[in-house]
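The residues making up each chain are set out below.
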Amino acid sequence: MIGVCRFLDQPLRDVLATRPRLVALLAHVRDPGNAGTVLRCADAAGADAVVLTDSSVDVYNPKAVRASAGSLFHLPVAVGVPAAEAVSGLRQAGVRVLAADGAGRRDLDAELDEGTLRTPTAWMFGNEAWGLPEETRSLADDVVGVPMHGRAESLNLATAAAVCLYASARAQRAAGGCRSVTSSG
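In this numbering scheme, every chain counts its residues from 1 along its sequence in written order. Where totals are concerned, whole chains, interfaces and linings use all residues; where local detail is concerned, this predicted model gives features only for residues with pLDDT of at least 70, and gives and counts side-chain atom pairs only at 80 or more. With hydrogens and water set aside, each side-chain value is computed from the structure's full complement of heavy atoms.

1. Quick look at the overall build of the protein
Move 1: Secondary structure summary: the protein contains seven helices and seven strands in total.
Move 2: Numbering goes from the N terminus for both helices and strands, where a helix is a DSSP run of H or I of at least four residues and a strand is a run of E of at least two. In sequence order, the protein lays out its α and β elements as α-β-α-β-α-β-α-β-β-α-β-α-β-α.
Move 3: Here the protein has a C-alpha radius of gyration of 15 Å; the compact-globule value for 185 residues is 16 Å, and the two agree.
Move 4: Under the scheme applied here, a residue whose accessible area is under 20% of the maximum for its type counts as buried, over 50% as exposed, and between as partly exposed, the area being computed with a 1.4 Å probe on protein chains only. By residue count, 50% of the 185 residues in the protein fall in the buried class.
Move 5: A separation of at least 24 residues holds for 85% of the contacts in the protein among residues at least 6 apart in sequence.
Move 6: Taken together, the 18 basic and 20 acidic charged side chains of the protein have centroids lying 5 Å from each other. We compute the radius of gyration over the C-alpha atoms and compare it with the globule rule, which gives 2.2 Å times the number of residues raised to the power 0.38. In what follows, residue pairs with any heavy atoms lying within 4.5 Å of each other are defined as contacts. His residues and chain termini do not enter the charge count, which takes Lys and Arg as positive and Asp and Glu as negative. In this description, the location of a charge corresponds to atom NZ of lysine, CZ of arginine, CG of aspartate or CD of glutamate.

2. Some points on the nonpolar core
Move 1: For our purposes a nonpolar core is just a set of buried Ala, Val, Leu, Ile, Met, Phe, Trp, Tyr and Cys residues, chained together by side-chain atoms within 4.5 Å. Counting 36 residues, the largest nonpolar core has Leu26, Val38, Val50, Trp123, Phe125 and Leu165 as its most contacted members.
Move 2: For this core, the elements supplying multiple residues, two or more each, are strand 1 (22-26), helix 2 (32-45), strand 2 (49-53), strand 4 (96-100), strand 6 (121-125) and helix 7 (157-174).
Move 3: The element best represented in this core is helix 7, accounting for nine residues.
Move 4: With 22 residues, the next largest nonpolar core counts Val81, Val87, Val95 and Ala99 among its residues.

3. Brief notes about the pattern of salt bridges
Move 1: Any Lys or Arg side-chain nitrogen found within 4 Å of a carboxyl oxygen on Asp or Glu counts as a salt bridge. Scanning the entire structure with this criterion turns up seven salt bridges.
Move 2: Residue arginine 105 pairs with aspartate 142 through a salt bridge whose shortest N-O separation is 3.1 Å. Of the two residues, arginine 105 sits in the loop between strand 4 and strand 5 (106-107) while aspartate 142 sits in strand 7 (residues 142-145), which places them 37 residues apart along the sequence.
Move 3: On the basis of relative accessibility, which here comes to 68%, the residue arginine 105 falls in the exposed class.
Move 4: Residue aspartate 142 is classed as buried on the basis of its relative accessible area of 10%.

4. Comments concerning the pairing of strand 3 (residues 77-81)
Move 1: Across three bridges, strand 2 lies against strand 3 in parallel orientation. Of the residues in strand 3, the one forming a bridge with valine 51 is alanine 78.
Move 2: With strands facing away from the observer, any crossover in which the path from the first strand over the helix to the second runs clockwise is taken as right-handed. Handedness of the crossover is the feature at issue here: the chain leaves strand 2, passes through helix 3 (residues 62-68), returns alongside strand 3, and the resulting connection is right-handed. Any two strands with at least two DSSP bridges between them are considered paired.

5. Description of the layout of surface pockets
Move 1: Note on definitions: the grid is 1 Å and covers protein atoms alone; a cavity is a set of points where a 1.4 Å probe fits but cannot get out; a pocket is an open set with protein on both sides within 12 Å along at least five of seven lines; lining residues have an atom within 4 Å of a point. Grid points are joined across faces, edges and corners, and a volume is the space filled by probe spheres set on the points. Counted as a void, the largest pocket has a volume near 420 Å³.
Move 2: Lining the largest pocket are 21 residues, with Ala100, Asp101, Gly102, Leu155 and Ala160 positioned closest to its centre.
Move 3: Contributions of two or more residues to the lining of the largest pocket are made by strand 7 and helix 7.

6. Focus: helix 7
Move 1: For helix 7, which comprises 18 residues, the first-to-last C-alpha distance of 26 Å matches the rise-based estimate of 26 Å (1.5 Å per residue) to within 8%.
Move 2: Within the span of helix 7, buried status applies to Leu157, Ala158, Ala160, Ala161, Ala162, Cys164, Leu165, Ala167, Ser168, Ala169, Ala171 and Gln172.
Move 3: If you follow the buried residues of helix 7, they end up packed against strand 1, helix 2, strand 4, helix 5 (108-114) and strand 6. Multiplying 1.5 Å by the residue count of a helix minus one yields the expected span of that helix.

7. Some remarks on the packing of aromatic side chains
Move 1: Within 6.5 Å between ring centres, the rings of Phe, Tyr and Trp (the latter by its six-membered ring) count as paired, and their orientation is classed by plane angle as stacked under 30 degrees, edge-to-face over 60, tilted in between. Tallying each qualifying case throughout the model produces one aromatic pair.
Move 2: With 6.5 Å between their ring centres and 15 degrees between their planes, tryptophan 123 and phenylalanine 125 make a pair best called stacked. Side by side, tryptophan 123 and phenylalanine 125 carry an identical accessibility label, which is buried.

Any functional reading would require information beyond the geometric quantities listed.
Below you can see the structure in the form of structure tokens.
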């Protein structure tokens, strides 16, 4: 059996026209499995879009498509966007851009405690092995680290993305801003 599907990505301007509240921005992500898994996490957290910079892996790589587990079909994706253009567009749309980095000067727990994640937020994630280059990290409004309460040295990219995206989703939902696609009952 063979399936043929047209590319699903959208121009960044169309993604931003929806006034997103939660976005995953993948910059320098080279592993297709990580890209697809972050897309899946973003979908599960109720994100409004995923943006892949021009320095990231092809989201249509078979491994990325498989790792997305269908989420590639669920939310808007913009691809091939220069990082500076993506950050500028997000800011113009009223979205705060946070770079996720283990050495961040801010702490995710502090962001939650201070209520700053209630506002529209884009999380910028970098390459798992070497993170975000300084020139890309410096584009962000702030650099935030996931606190490590145990003895683990770090989290992998997809796990860190899930933690950050869910933290924002929870904060926004508490403020009445993030939609839930599941019902209890």
